[in-house]
Amino acid sequence: MTQFIEWGALGKIVVVSLAVGAGLPALFAVAVRSLAGPGSRDDAGLRSRPRVALALACFAVVVGAIATAIVIIGKGGH
Amino acid sequence: MGNVSEPVLLVIVVVTALAFDFTNGFHDTGNAMATSIATRALKPRQAVLLSATLNMVGAFLSLTVAATIAKGIVDSGVITLHVVLGGLVGGIVWNLVTWVLGIPSSSSHALVGGVVGAVLAASGTDGVLWSGLVAKVLVPALLAPVVAIAVSSLGTRLVFRVTKDVPQRDNDRMFRWGQIGSASLVSLAHGTNDAQKSMGIILLALIAGGAVGQDSSVPFWVIVSCALAMALGTYTGGWRVIRTLGKGLVELETRQGLAAEASTATVILLSSHFGYSLSTTHVATGSVLGSGVGKKGARVRWSVAGRMFVAWLVTVPAAGSVGAACYGLDRLAGPYAVIVFLIVAAGALFAWSRLKPVNHANVNDAWDEDDGAASTIGESIVDHDPSLLSGAPKDRNEPIAQR
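Source: prediction; values computed, not measured. (Residues numbered from 1 in each chain as written. Chains lettered and ligands numbered in written order. Predicted model: local features only at pLDDT ≥ 70, side-chain atom pairs only at ≥ 80, totals over all residues.)

**Student:** Would you explain the overall build of chain B in this entry?
**Tutor:** Within chain B one finds 14 helices and zero strands. Seen in sequence order, chain B has helices and strands lined up from the N terminus as α-α-α-α-α-α-α-α-α-α-α-α-α-α. Taking all contacts inside chain B whose residues are at least 6 apart in sequence as the whole, residues at least 24 apart take part in 89%. (Helix = DSSP H or I, 4+ residues; strand = E, 2+ residues; numbered from the N terminus. Contact = placed C-beta atoms within 7 Å.)

The following block contains the structure:
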């Protein structure tokens, strides 16, 4: 079968895809939860600073990943 | 343009390549936008407009176009303009057949299939590199959905676990943006990747026809016309395919949509990055399935998925038969006859699609199962012959629900 499947490339694709392709949505979910999950707002309806910071950090990583992806597309490396 | 050997043939090939580019855009809109349309993150028309715009931008984003076609799959020495023409028509006809049947199927595989068929007709079995065909087309078609299902189902599971106690309204509101962002990325990647394929074909034709030099770069008009043809195709919206992907496999909500699109974008970009290209269509379909697998209690219509897998496996032989027939027709009656055949076949398929139209207005209607659908599709695929397709389809067996 080795002549028909490039196991090396496939292995890398699976591992990195699982980390990135499932990790980024999970990170996005963490951001959403920290902004809108239970306990995200105090009695006055305001969000606590650490939760907002966590959300922004997560979103920043996601935006960074999208920017990286656009660079990869532009390089034609795909 | 000093010594163009067969100017008429060259023009025909270029126009046919643009037509293929159009069907490519129109067939693949769903890969990027089906989930966003199904979850109502975007209105159907907004979605196709966004996708078309990004396809167009993508086409200009990278200009590393290689003048190769079916590299490593057929012997490059046997590719002539006649072979390319047969291959293109085979690809277009298969794209249209799968569109009428509402099956997402890989445009690149259709083109490869058409070319393989034309090569077989032109120079026999020696012209085809069979192990290349298995390794580069058949096996990836089986692997791509498996990888995508794994990634997307894990992503969906994690997302649902993290956000299970977030109010649904907030989830929908925020995940909507993530979904639009990830779908846009898929559109952009598609524009870059697939428009370049058509540019490559046209460049190859221009070189083969003697219109430009051997080491010429892509003329600007080729870039513009390919970008336009694909964007126009995308904007037209292959609603039948969008419907199957967005509604037929899994009932989607925005959180699944985000997980699926993120998985699609990641797997496509990484697979090309690591030099093992997987088809966008197969990855996108797998991601949608995975988002159903990963959500507890979600129902996945494996029967619909099964039909797609069958269609993917017969893409090469089916498009190849048309490609071979067109090559024969070309040799017997000239390229004009091939064009007439293409127009008649496309017209017949379009007429067939009008019997049960799917458009932006009914694309999100509830999905009705129809037990007879599988047999009709199987039949059309097995007896794949464009002349049969112009006949009246058995009415109730159309897979698209009409309401």
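**Student:** Got a minute to help me understand the overall build of chain A in this structure?
**Tutor:** For chain A, the helix and strand inventory stands at two helices and zero strands. The globule rule puts the C-alpha radius of gyration for 78 residues at 12 Å, and the 18 Å found for chain A is more than 25% above it. Here the C-alpha coordinates of chain A stretch approximately 65 × 30 × 15 Å along the principal axes. Residues counted as buried form 32% of the 78 residues belonging to chain A. (Rg over C-alpha atoms; globule rule 2.2 N^0.38 Å. Buried ≥ 20, exposed ≤ 12 C-beta atoms within 10 Å, placed from the backbone.)

**Student:** Explain the interface of chain A and chain B here, please?
**Tutor:** For interface size, the figure often reported is the accessible area lost on association. Listed per partner, the contact involves 36 residues of chain A and 47 residues of chain B. Of all the secondary-structure elements, those providing two or more residues to the side of chain A that touches chain B are helix H1 (7–36) and helix H2 (49–75) of chain A. With 20 residues, H1(A) is the single largest residue contributor to the side of chain A that touches chain B.

**Student:** Can you walk me through the packing of helix H3 (residues 81–100) of chain B against helix H12 (residues 335–355) of chain B in this structure?
**Tutor:** For any two helices packed against each other, the geometry is given by the interaxial angle and the distance between the axes. Residues and elements named next belong to chain B. Look at H3 against H12: their axes get within 10 Å of each other, and the N-to-C directions meet at 5°. Between H3 and H12, the angle falls in the class roughly parallel. Note on element contacts: H12 touches H3 through Pro335, Val338, Leu342, Ala345, Ala346, Leu349, Trp352 and Ser353, opposite Leu85, Val89, Ile92, Val93, Leu96, Val97 and Val100. Among the residues forming the contact of H3 with H12, the class breakdown is 14 nonpolar, one polar and no charged. (Axes fitted to C-alpha atoms, helices over the stretch in contact; angles between N-to-C directions. Parallel < 35°, antiparallel > 145°, perpendicular 65-115°, else oblique. Nonpolar A, V, L, I, M, F, W, Y, C, P; charged D, E, K, R; others polar.)

**Student:** What should I look at first to understand the nonpolar core in this one?
**Tutor:** A general tendency of soluble globular proteins is for nonpolar side chains to be buried together. All names here are of chain B. Ranked by internal contacts, the top residues of the largest apolar core, which has 153 residues, are Val84, Val115, Val116, Ala205 and Cys326. With 17 residues, the top contributor of residues to this core is helix H6 (residues 168–208). Not counting the four nearest positions on each side in its chain, cysteine 326 is found in contact with Leu85, Gly86, Val89, Gly90, Ala118, Val338 and Phe341. (Core = buried A, V, L, I, M, F, W, Y, C linked by C-beta atoms within 7 Å.)

**Student:** Explain helix H2 (residues 44–61) of chain B here, please?
**Tutor:** In an α-helix, one turn spans 3.6 residues, which is why side chains three or four residues apart end up on the same side. Between its first and last C-alpha atoms H2(B) spans 25 Å; for 18 residues at 1.5 Å apiece the expected length is 26 Å, and the two agree. Residues Pro44(B), Ala47(B), Val48(B), Leu50(B), Ser51(B), Ala52(B), Leu54(B), Asn55(B), Met56(B), Gly58(B) and Ala59(B) constitute the buried set of H2(B). Its buried side turned inward, H2(B) meets H2 of chain A together with helix H1 (7–38), H6 and helix H7 (220–236) of chain B. (Expected span 1.5 Å × (residues − 1).)

**Student:** Looking at this structure, I do not really get H6(B). What am I missing?
**Tutor:** Residue and element names in this part refer to chain B. Helix length check: H6 (41 residues) gives 58 Å between terminal C-alpha atoms against 60 Å at 1.5 Å per residue, within 8%. Of all the bends in H6, the greatest, near 25°, is centred on phenylalanine 175. A large share of H6 lies buried, amounting to 32 of its 41 residues. Residue glycine 210 follows H6 closely and has a positive phi angle near 80°. (Bend = angle between axes of the 7 residues up to and from the residue.)

**Student:** How should unusual backbone geometry be read in this particular structure?
**Tutor:** Both trends apply: most residues other than glycine have a negative phi, and most peptide bonds are in trans. The backbone of Arg40(B) sits at a positive phi, close to 60°, despite the residue not being glycine. On the secondary structure map, Arg40(B) appears in the loop between H1 and H2.

**Student:** How do you make sense of the environment of Ser48(A) when you look at a structure like this?
**Tutor:** Residues and elements named next belong to chain A. Assignment of secondary structure puts serine 48 in the loop between H1 and H2. C-beta crowding within 10 Å serves as the criterion here: with 13 such atoms nearby, serine 48 is assigned to the partly exposed category. A C-alpha to C-alpha distance of 9.1 Å links serine 48 and leucine 35, two positions 13 residues apart in sequence.

**Student:** Any chance you could explain the packing of helix H5 (residues 130–162) of chain B against helix H10 (residues 280–293) of chain B here in plain terms?
**Tutor:** All names here are of chain B. It is at 6 Å that the axes of H5 and H10 come closest, and there the two elements cross at 40°. With respect to the hand of their crossing, H5 and H10 are arranged in right-handed fashion. Mapping the contact onto sequence places Ala141, Ala144, Pro145, Val146, Val147, Ala148, Ile149, Ala150, Val151, Ser152, Ser153 and Thr156 in H5 and His282, Val283, Thr285, Gly286, Ser287, Leu289, Gly290, Ser291 and Val293 in H10. When its residues are assigned to classes, the contact of H5 with H10 shows 12 nonpolar, nine polar and no charged. (Left-handed = near helix turned anticlockwise from the far one by under 90°.)

**Student:** What is the right way to read the confidence of the model for chain B from this model?
**Tutor:** Do not read the fine detail of predicted coordinates wherever pLDDT is low. All names here are of chain B. Per-residue confidence for chain B gives a mean pLDDT of 85, with 89% of residues at or over 70. Residue range residues 371–403 is modelled with pLDDT below 50. Its contacts to residues more than four positions away, or to other chains, number 50 contacts. Prediction confidence for the complex, expressed as pTM and ipTM, is 0.85 and 0.90 respectively. (pLDDT = per-residue confidence, 0-100.)

**Student:** Which parts of the structure should I look at to understand the environment of Val15(B)?
**Tutor:** All names here are of chain B. By the element assignment, valine 15 lies in helix H1. Overall, valine 15 belongs to the partly exposed group, with 15 C-beta atoms counted inside 10 Å. In this structure the C-alpha to C-alpha distance between valine 15 and threonine 266, which are 251 residues apart in sequence, comes to 33 Å.

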